[in-house]
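Below, each chain spelled out in residue letters.
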Protein chains: 2
Amino acid sequence: MNLQKPSIVLTGDRPTGPLHLGHFVGSLRSRLDLQEKYKQYVMIADVQALTDNFANPDKVINNIYQVATDYLSVGIDPAKTTIFVQSKITQLAELTVYLMNMVNLGRLERNPTVKQEIKQRGFEKEVPVGFLCYPISQTSDITAFKADIVPVGQDQIAILEQSNEIIRRFNRTYNKEVLKEIKPFLSQVPKLVGIDGKSKASKSENNAIFLSDSPQLVKQKVYSMYTDPDHIKISDPGKVEGNVVFAYLDAFYLDKEEVKSLKAHYRKGGLGDSSLKSLLTQTLEEFLEPIRQKRAEITMNYVKDVLIQGTSRAQKVAQDTLNEVKGAMGINYW
Amino acid sequence: MNLQKPSIVLTGDRPTGPLHLGHFVGSLRSRLDLQEKYKQYVMIADVQALTDNFANPDKVINNIYQVATDYLSVGIDPAKTTIFVQSKITQLAELTVYLMNMVNLGRLERNPTVKQEIKQRGFEKEVPVGFLCYPISQTSDITAFKADIVPVGQDQIAILEQSNEIIRRFNRTYNKEVLKEIKPFLSQVPKLVGIDGKSKASKSENNAIFLSDSPQLVKQKVYSMYTDPDHIKISDPGKVEGNVVFAYLDAFYLDKEEVKSLKAHYRKGGLGDSSLKSLLTQTLEEFLEPIRQKRAEITMNYVKDVLIQGTSRAQKVAQDTLNEVKGAMGINYW
C-alpha cells in the first residue's frame, strides 16, 4: 500500500503591479492545471516585495487586491487553491529567523541568482539585509506549507538548491525530518516577450498587455508590436523570428497548424502585418473577454473574503509546521 | 503640564547558563532598583542565544527555567517586572523581518561590536546570517516594547547606535514616529572579575560563583581565588590590585570604610589570605543565604506561571506596536 502523501504546490507573485499576459503564459495557466491535481497555495508575497520596495510601500499595498482579482478573474478557484497574503502569516517570519541560523553569509552572497539581482538593482555592497536574505525567507514560505512542488523558471533553480541546503541542514541539526525537500517544477513554457520585442513582458519595461487592459488598449498595444522592420511592402518576405506578433500567436492561438501555415505565408511574402495584428487582436480578445466579464462580477468584498479565508487556512497550516519546528528544536516550553 | 510618558526599561539575558555573582553586580542589582522606578521588561533571550548555539539548543532550553528562577530568587518581582521568553513573542520575529530592510549589509559588517564577537567565535566569513543580524533582532526587541532605557555595558554602545540608525530610518521611511529612539543606560558598576583573576566571571571560563552554588562550593571557590602570589608569609606586604578577594569584598562587603582599612592592613603586611577569604566567605554567605532560601520556596509550577503571565502581557504590548508599525507601513489590509 502506498501511503505517500499527495504533493503540495506553493507558488505566488510579488504584488508590484497588475498581472499581464506574460504571467498567464509563465505561471497562471499552469496553476489552473495544478489546482486540479494537487493542494495548491498561492501566496501574494508582500513581505518579499517590500525587501526591494520598502521605501515605496504603496506600490505593494495597491497591488494586493489587484493581483488577487487577477487570480480570480482567470479562474484560480478559492475552493481549490488557498490564496493568502504573506505578511498575515506571522509564522513565516518566525521560521525565517530560525532558518537564518542555518546559512552562512558567504554562502548567501555566492548565490548566483541573488548576486545577479543585486547587480541589476545597483545594490552591490549596499544591499539591504532583507533583500540579501530573501532566499531564506522563501525557504520559510515553502517549507511552512510542506510544499514539495515549486514551479520556477530556470533562473530560480539556484535559489531552490540553496533552500534544499538549508532544509537539509535544519533536519540534520535537529535530527528530525521536519522540513521537506523541494522539487523544482520547471516551467515548460518560454517567457513571453514584451510588445517591444526587446525583453520579456514586464510592468517595469512598460511593454506588457495586462489582463485588465481594455479592448481599446489591447488593440493599441498589438498594433504597436515590434514585427520585422524590413517587411515594408505586403509582398516582401518577412521574418518570423523575433516577430512579437508570432510570439503571441504561438502562445494564444489555439490552432497550432494554422499558425504554422501563417508563418510560412509570412516568410514567403504576401501576408501583411496589419492582417496579422488584426488576427492577434481578435485572438487576444477571445481570450481576454471572458476574463474581463468574470472580473466585472467580482466585488472588493468578495476578494477580501477570499483573502481572509485563504489566509486563515494558511495560518493554521503554517502554525502546525511551526509547532513541529519548535518541537524538533525543543523550544516548545509550554 | 508635562505629559511625558514614564520611561520603559528593556533588559534581559541569553539563557546559556545559571546566573552568577557577575550578573548580580553587573545587572541584577540595577534591575532591582529599576523595577521600583520604571516599567521594566526582562527578556529571556532564547532566540538570540540560539544564533550562536543553534547546534546545541539544549544549552539554551535547559537554562530558561534556571534563569527565571535566578531572577525570582534575587527579588525580581513579577508584579513589578514583566519577565518573558523571547521565542514566545512572535511579533519580535515579524518586526525583525521589516527592520532587515532598514540596514545594509556593509553597515552591519562594520559594526565594531559584532565584528569583534564574530572574531571571538572564529566565525569570520562563515558567520551564520542569524548571528550577523542579531543587532537587528535586538532593535526589534527594544522597540517592540517602546523601551527607551536599555542598560548596557560600554561594549554594547555601538549596537545601540546602530539600533538608533535603524529606528530613525524606519521612522523617516514611513514618515511617522512609530519607533522610539533608545538611550543607553550605562552600567556604573565595573564588571566582576572571575575567581582566577584572569577575565570577567563567566560560565564559559569556569571562573564564576553562581547564585545557586551550595555554601560548600562557594567556600571552595573563594579559597581557590587568585590573590597575590608574592604574598607568601602573613607578615609580607600584599598587593590589593588584581587581588580577587578584594574585588569581591569591594562588590559585596557593605562597610566600605572597613574594606579600606583591610586594604591598608594587607598592603602593610600582617593580614593573611586565609582570614580574608574567611571574611569573604561569610560575606557572600550573608548575601547568598536569603537568595538560597527564596529559591527553595520556588516551585517549577510557579516559575512557569510567572513566565506564562509575563509572556502574555509582553505579547499584548508587542502586538500593539506591531499594529502601529504595520499601520505606518500601510500593510494592515484588514
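Residues numbered from 1 in each chain as written. Chains lettered and ligands numbered in written order. Predicted model: local features only at pLDDT ≥ 70, side-chain atom pairs only at ≥ 80, totals over all residues. Heavy atoms only, no water.

Turning next to the overall build of chain A. When you go through chain A residue by residue, the secondary structure sums to 15 helices and five strands. Taking 2.2 N^0.38 as the reference for a compact globule, 334 residues should give roughly 20 Å; the C-alpha atoms of chain A span a radius of gyration of 22 Å, in line with that estimate. Overall, chain A is about 80 × 50 × 45 Å in size when its C-alpha atoms are taken along their principal axes. Sorting the 334 residues of chain A into buried and exposed places 57% on the buried side. Long-range pairs, those at least 24 residues apart, make up 77% of the contacts in chain A with a sequence separation of at least 6. Taken as a whole, chain A presents about 14900 Å² of accessible surface, with 51% of it coming from carbon and sulfur. Of the side chains in chain A, 43 bear a positive and 39 a negative charge, and the two mean positions are spaced by 3 Å. (Helix = DSSP H or I, 4+ residues; strand = E, 2+ residues; numbered from the N terminus. Rg over C-alpha atoms; globule rule 2.2 N^0.38 Å. Buried < 20%, exposed > 50% of the residue type's maximum accessible area, 1.4 Å probe, protein only. Contact = heavy atoms within 4.5 Å. Areas by Shrake-Rupley, 256 points an atom, 1.4 Å probe, with all protein chains shown as cover. Lys, Arg positive; Asp, Glu negative; His and termini not counted. Charge placed at Lys NZ, Arg CZ, Asp CG, Glu CD.)

Here we take up the relation of the copies chain A and chain B. When chain A is brought onto chain B, the operation consists of a screw motion whose angular component is 180° and whose axial shift is 0.0 Å, with 0.0 Å RMSD remaining. Those values place the two copies in the arrangement expected of a two-fold rotation axis. Closest approach to the rotation axis within chain A is made by the C-alpha atom of Ala-93 of chain A, at a distance of 2.8 Å. Both copies present the same face, since 100% of the interface residues in chain A are matched by interface residues at the equivalent positions in chain B. (Least-squares fit on C-alpha atoms with pLDDT ≥ 70 in both.)

As a further point, take the domain arrangement of chain A. Where interface size is quoted, it is often the accessible area lost as the parts come together. Residue and element names in this part refer to chain A. Domain boundaries assigned for chain A yield domain 1 (8-192 + 300-329) and domain 2 (215-295). Measuring from the centre of the C-alpha atoms in domain 1 to the corresponding centre in domain 2 gives 35 Å. Listed per partner, the contact involves 12 residues of domain 1 and 10 residues of domain 2. When domain 1 packs against domain 2, close to 880 Å² is buried across both sides, 70% of that on carbon and sulfur atoms. Together, Leu-21, Ser-73 and Leu-192 form the three largest contributors to the area buried by domain 1 at its contact with domain 2, with a combined 55%. Here domain 1 and domain 2 share one salt bridge between them. For the salt bridge of Arg-295 with Asp-70, the shortest nitrogen-to-oxygen distance reads 2.6 Å. (Domains from an automatic or database assignment. Buried area = accessible area lost by both parts, 1.4 Å probe. Salt bridge = Lys/Arg side-chain N within 4 Å of Asp/Glu carboxyl O.)

Before going further, it helps to spend a moment on the interface of chain A and chain B. Listed per partner, the contact involves 51 residues of chain A and 51 residues of chain B. At the boundary of chain A with chain B, total buried surface from both sides reaches about 4500 Å², with 66% on carbon and sulfur atoms. Counting every contact that joins chain A to chain B gives zero salt bridges. The interface formed by chain A and chain B includes 18 residue pairs in polar contact (both at pLDDT 80 or more). Counting residues per element, the side of chain A that touches chain B draws most heavily on helix 15 (residues 300-329) of chain A, which supplies six residues. (Polar contact = N/O pair within 3.5 Å; in protein donor to acceptor, adjacent residues only side chain to side chain.)

Residue and element names in this part refer to chain A. Per the stated rule, a full pass over the model turns up 34 salt bridges over all chains. Glu-241 is paired through a salt bridge with Arg-267; the nearest N and O atoms lie 2.7 Å apart. Of this pair, Glu-241 sits in the loop between helix 11 (215-223) and helix 12 (244-252) while Arg-267 sits in helix 13 (residues 256-268); the two residues are 26 residues apart in sequence, bridging distant segments of the chain. Residue Glu-241 is classed as exposed on the basis of its relative accessible area, which comes to 52%. Each of Arg-14, Asp-52 and Arg-121 takes part in a single network of salt bridges with overlapping partners.

Moving on: the pairing of strand 5 (residues 183-186) of chain B. Residues and elements named next belong to chain B. With four bridges joining them, strand 4 (residues 149-152) and strand 5 adopt parallel strand pairing. Residue pairing across strands places Val-152 opposite Leu-186, the latter belonging to strand 5. In the classification by handedness, the crossover that spans strand 4, the intervening helix 10 (residues 157-173) and the parallel strand 5 is right-handed. (Pairing = 2+ DSSP bridges. Right-handed = clockwise from strand over helix to strand, strands pointing away.)

With respect to the helices and strands, Lys-88 of chain B occurs in the loop between strand 3 (81-85) and helix 5 (90-99). The side chain of Lys-88 of chain B is buried and forms no salt bridge, while Glu-94 of chain A, the nearest opposite charge, is found at 8.3 Å. In contact with Lys-88 of chain B, not counting residues within four places along its chain, are Tyr-333 and Trp-334 of chain A together with Thr-311 and Gln-315 of chain B.

All names here are of chain B. Between helix 5 and helix 9 (residues 134-144), whose axes approach to 8 Å, the crossing angle comes to 120°. Looking at the two axes, helix 5 sits oblique to helix 9. In the packing of helix 5 onto helix 9, the handedness of the crossing is right-handed. Where helix 5 abuts helix 9, its residues Leu-92, Leu-95, Thr-96 and Leu-99 lie against Ile-136, Ser-137, Thr-139, Ser-140, Asp-141, Thr-143 and Ala-144. (Axes fitted to C-alpha atoms, helices over the stretch in contact; angles between N-to-C directions. Parallel < 35°, antiparallel > 145°, perpendicular 65-115°, else oblique. Left-handed = near helix turned anticlockwise from the far one by under 90°.)

Residue and element names in this part refer to chain B. The complete set of buried residues in helix 7 (residues 112-120) reads Thr-113, Val-114, Glu-117 and Ile-118. All buried residues of helix 7 project into a common sector of 135° when viewed along the axis, lining one side. Residues of helix 7 that are buried make contact with helix 8 (129-132), helix 9 and helix 10. One side-chain oxygen of the residue at the start of helix 7 lies 3.0 Å from the amide nitrogen of Thr-113, identifying that residue as Asn-111. Just beyond helix 7, the residue with positive phi is Gly-122, at close to 65°. (Arc of directions from axis to C-beta.)

With that settled, consider the environment of Gly-330 of chain B. All names here are of chain B. Looking at the secondary structure, you find Gly-330 in the segment after helix 15 (300-329). Accessibility expressed as a relative area gives 23% for Gly-330, which makes it partly exposed. When the C-alpha atoms of Gly-330 and Tyr-174 are compared, they prove to be 8.7 Å apart, with 156 residues separating the residues in sequence.

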